[in-house]
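Below, each chain spelled out in residue letters.
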Amino acid sequence: APTFTNTGIIAVSTGTTRQSTRAFTNSGTLRGAGIINIGAGNTLTNTGTIAPAGTGTAGTLSLTGNLALGSTGTLALDLGGTAAGQSDKLAVTGNVTIAGTVSGDTINGYLPANAEFIPFLTATGTRSGVFAVENVYVGFAAGYSLAAGEAARLIYSGNAKAFTNAVGGLTW
């Protein structure tokens, strides 16, 4: 089947679905709080930027299909708190392969407290890989597969504590 490559901006508004029955590569920007449905078994490869809800606002962008975050890609997050809907989330119905960069900064005056965490990438399938670069608000670090259905979360440990993530456990 032919493939599609996005080099511009695809904005998926809340309550809408971008439907395609084939895999595609994003080397531009995907943003919004709707649904991208490429079909089960197909893969969205990100070599550009994915920004759930867009910049400066929190929301959930959903993907039906698999996700491969490429080494040159960025997942850009807005962090507004730990309650549902306060921070960005990318929800994948399928498998997730992680590489590249996760970036994130706080919005709406959010000041994280020690040990707060924000699940930002969920998957119904398997997760592999880790982010090579974490360009996030000072004190946050990524943790992987720490809860059922959760591919990655950001965990705040402040500036003074050391945090180590290992599959199946955390060390402070």
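Residues numbered from 1 in each chain as written. Predicted model: local features only at pLDDT ≥ 70, side-chain atom pairs only at ≥ 80, totals over all residues. Heavy atoms only, no water.

J.: Teacher, can you tell me more about the nonpolar core here?
T.: Within soluble globular proteins, side chains that are nonpolar generally end up buried alongside one another. Counting 34 residues, the largest nonpolar core has Ile50, Leu67, Phe120 and Leu121 as the members making the most contacts within it. Here Phe120 is in contact with Leu75, Leu77, Asp88, Lys89, Leu90, Val102, Phe131, Ala152, Arg153 and Leu154, once residues within four sequence places are set aside. (Core = buried A, V, L, I, M, F, W, Y, C linked by side-chain atoms within 4.5 Å. Buried < 20%, exposed > 50% of the residue type's maximum accessible area, 1.4 Å probe, protein only. Contact = heavy atoms within 4.5 Å.)

J.: Explanation requested: the sheet that holds strand β14 (residues 101-106) in the structure shown.
T.: In a beta sheet, neighbouring strands are held together by backbone hydrogen bonds and run either parallel or antiparallel to one another. Here we have six strands laid out as an open sheet, ordered β2-β5-β8-β11-β14-β17, and parallel in their pairing. Bordering the open sheet on either side are β2 (9-12) and β17 (133-136), each of which pairs with just one other strand. Across the sheet, the axes of successive neighbouring strands diverge by a mean angle of 15°, strand direction being ignored. Of the strand pairs in this sheet, strand β8 (residues 49-52) and strand β11 (residues 74-79) are connected by two bridges, and their pairing is parallel. Bridge assignment links Thr49 to a residue of β11, and that residue is Thr74. (Pairing = 2+ DSSP bridges. Helix = DSSP H or I, 4+ residues; strand = E, 2+ residues; numbered from the N terminus. Axes fitted to C-alpha atoms, helices over the stretch in contact; angles between N-to-C directions.)

J.: Quick question: what am I supposed to make of the packing of aromatic side chains here?
T.: The way to describe two aromatic rings as a pair is by their centre distance and the angle between their planes. On inspection of all chains with the given rule, the structure shows five aromatic pairs. Between Phe120 and Phe131 the ring centres are 6.0 Å apart and the planes differ by 35°, which places this aromatic pair in the tilted class. Highlighted residues: Phe120 in strand β15 (residues 117-123) and Phe131 in the loop between β16 (127-129) and β17, separated in sequence by eleven residues. Phe131 gets classed as buried once you look at its relative accessible area, which sits at 5%. Ring geometry for Phe131 against Tyr144: centres 6.4 Å apart, planes inclined by 35°, an arrangement best described as tilted. Of the two residues, Phe131 sits in the loop between β16 and β17 while Tyr144 sits in strand β18 (residues 140-147), which places them 13 residues apart along the sequence. Accessibility classification places Phe131 together with Tyr144 in one group, the buried group. An aromatic cluster is built from Phe120, Phe131 and Tyr144, whose rings are joined through pairwise contacts. Positioned over the ring face of Phe24 is Arg18, at 4.8 Å from the centre of the ring. (Phe/Tyr/Trp six-rings, centres within 6.5 Å; stacked < 30°, edge-to-face > 60°. Lys NZ or Arg CZ within 6 Å of the ring centre and 35° of its normal.)

J.: What am I meant to see in the side chain of Arg153 here?
T.: Assignment of secondary structure puts Arg153 in strand β19 (residues 150-156). There is a polar contact of 2.5 Å between the side chain of Arg153 and the side chain of Glu150. Leaving out residues up to four positions away in the same chain, Arg153 has contacts with Phe117, Ile118, Pro119, Phe120, Ala141, Ala142, Gly143, Leu146 and Ala147. (Polar contact = N/O pair within 3.5 Å; in protein donor to acceptor, adjacent residues only side chain to side chain.)

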